Amino acid sequence: MASADGQTSAKPQQATPREEGWHEIVLRTLKRNEVDLVPYVPDRVLTPLIKSLHADPFFTTFATAREEEAVGVLSGAWMGGRRGAMLMQTSGFATLANVLASLVVPCQIPLIMFVSERGTLGEFNYGQSLVCRTMRPVLDSLAMEHHTMTRLDELEFTVDRSIKQAVATQAPVALILSPLLTGGKVFDK
Amino acid sequence: MSAPMTTSPVRNTKVMNRFDLTSRLVAKLKNEEAVIGGIGNTNFDLWAAGHRPQNFYMLGSMGLAFPIALGVALAQPNRRVIALEGDGSLLMQLGCLTTIATLAPKNLTLVVMDNGIYQITGSQPTPAQHADLVAIATGCGLSNSSWAADEGDFERLMDQALAADGPALIAARIDDEPGTGTTKRDPVQIRERFMLGLGVRQPL
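Residues numbered from 1 in each chain as written. Chains lettered and ligands numbered in written order. Predicted model: local features only at pLDDT ≥ 70, side-chain atom pairs only at ≥ 80, totals over all residues.

As a further point, take the pairing of strand 5 (residues 145-149) of chain A. One face of the sheet, then the other: side chains in a regular strand alternate in exactly this way. All names here are of chain A. Judged from the five bridges that link them, strand 5 and strand 6 (residues 173-177) form a sheet pairing that is parallel. Among the inter-strand pairings, T148 is bridged to a residue of strand 6, identified as I176. As for the winding sense of the linkage, the β-α-β connection from strand 5 through helix 7 (residues 152-169) to strand 6 is right-handed. (Pairing = 2+ DSSP bridges. Helix = DSSP H or I, 4+ residues; strand = E, 2+ residues; numbered from the N terminus. Right-handed = clockwise from strand over helix to strand, strands pointing away.)

Listed below in structure tokens is the structure:
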């Protein structure tokens, strides 16, 4: 996917002494891009990222009661000159069609969304697997950029380039964290 | 003393007018305060009270005036931010009151225009016929929440809120008049002009 612009050579090398976890890479890449406001509606898979965001004074991170509330906060913050990103799971994304279509897209807000993907690759809850199928059609119907991140060695490239593109083009992006990357949530947890 | 038989709580607050209160509010703004107008009539009356570069007019996303204002307040802690929301809109997003109470930004004032109806869709009553929005806000942790008894009290509460060092919520009972103006529905221009007004952007 990232090779579409012919820049595959810029991909980070895999040979690191101790491989960073996905959440460490995401945190570091947010910081590098001066994204410091991170509201979230929690998800089991996101917990290590949420913990490390709270532990790092660079970030202002907090829970919101609903996902669309976080979209409002980030839209206001962007207009006020502050960058942010939100964290949620698939079912939370499913609540966002109205705010994306009525605020984010028409106002050209570079909303950066991380979605922990439930509902596929070993889902045990039928409702989650159904709601997951609504996510990409909603994104595609609004012509919104989205990437499904499955590999650790592509993660930094995808996150870094997507944040920069969102800001430069004033367009939202959804970064979907696949169970192939995170391990997902399984029945015995 | 026996109270009259009624299904509604007894209130000692005057029924005021949204455009009048909005005009009184805007007249107080001398320091380039940001104002976020919610969907519909709060927005229309903000527009009609006279455009300011620091006004943002929300055209959809019902219920998000307070969260948007929170975001502006977090981005620009030295600027006062005011949000105007209708009671029906607030009911869509009551949870945001808990978020605002937890973050407790020093520069955020929340105004609720409560007429008990969805005026713009045909004046249907909201489900909150037995609710007290100030009690709800207080219960969410916004201790500095008050009903405005009349216009003079609204102005007094607004003066206090603009000098407070924590979030404030002011609720006003209003009549069923529709909005006075109609906001020009140009979302990109509204957003860009707001960013210019907040000093985030420079003109081309």
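All right, on to the interface of chain A and chain B then. On the chain B side, the residues contacting the 25 residues of chain A number 28 residues. Listed by contribution, the elements that provide at least two residues to the side of chain A that touches chain B are strand 2 (60-63), helix 3 (67-79) and helix 5 (97-104) of chain A. When its residues are assigned to classes, the side of chain A that touches chain B shows eleven nonpolar, ten polar and four charged. (Contact = placed C-beta atoms within 7 Å. Nonpolar A, V, L, I, M, F, W, Y, C, P; charged D, E, K, R; others polar.)

Now for the confidence of the model for chain A. For chain A, mean pLDDT is 92; residues scoring 70 or higher make up 90% of the total. Counting contacts from residues 1-9 of chain A, a segment whose pLDDT is below 50, to residues more than four positions away or on other chains yields six contacts. (pLDDT = per-residue confidence, 0-100.)

Residue and element names in this part refer to chain A. Where helix 3 contacts helix 5, the two axes come as close as 10 Å, and the packing angle between them is 20 degrees. Classified by the angle between their axes, helix 3 and helix 5 sit roughly parallel to one another. Crossing geometry of helix 3 relative to helix 5 is assigned as right-handed. Side by side, helix 3 and helix 5 meet where E68, V71 and S75 of the first sit next to V99, L103 and V104 of the second. Of the residues belonging to the contact of helix 3 with helix 5, the class tally is four nonpolar, one polar and one charged. (Axes fitted to C-alpha atoms, helices over the stretch in contact; angles between N-to-C directions. Parallel < 35°, antiparallel > 145°, perpendicular 65-115°, else oblique. Left-handed = near helix turned anticlockwise from the far one by under 90°.)

With that settled, consider the sheet that holds strand 3 (residues 81-86) of chain B. All names here are of chain B. Spatial ordering of the open sheet is given by 2-1-3-4-8-7, a layout of six strands whose pairing is parallel. Both edges of this open sheet fall to strand 2 (55-57) and strand 7 (145-147), since each of them pairs with a single strand only. The sheet shows a mean angle of 15 degrees between the axes of neighbouring strands, direction not considered. With four bridges joining them, strand 1 (residues 34-37) and strand 3 adopt parallel strand pairing. Looking at strand 3, one finds that I36 is bridged to A83. Along the sheet face, helix 2 (residues 41-48) touches strand 1, strand 2, strand 3 and strand 4 (108-114) and points at about 130 degrees away from the line of strand 3.

A few words now on unusual backbone geometry. Residues and elements named next belong to chain B. Its identity is not glycine, yet A104 carries a phi of approximately 45 degrees, on the positive side. Along the polypeptide, A104 turns up in the loop between helix 5 (95-103) and strand 4. Judged by the 14 C-beta atoms lying within 10 Å of it, A104 is partly exposed. Its identity is not glycine, yet S123 carries a phi of approximately 65 degrees, on the positive side. With respect to the helices and strands, the residue S123 is situated in the loop between strand 5 (117-118) and strand 6 (124-125). (Buried ≥ 20, exposed ≤ 12 C-beta atoms within 10 Å, placed from the backbone.)

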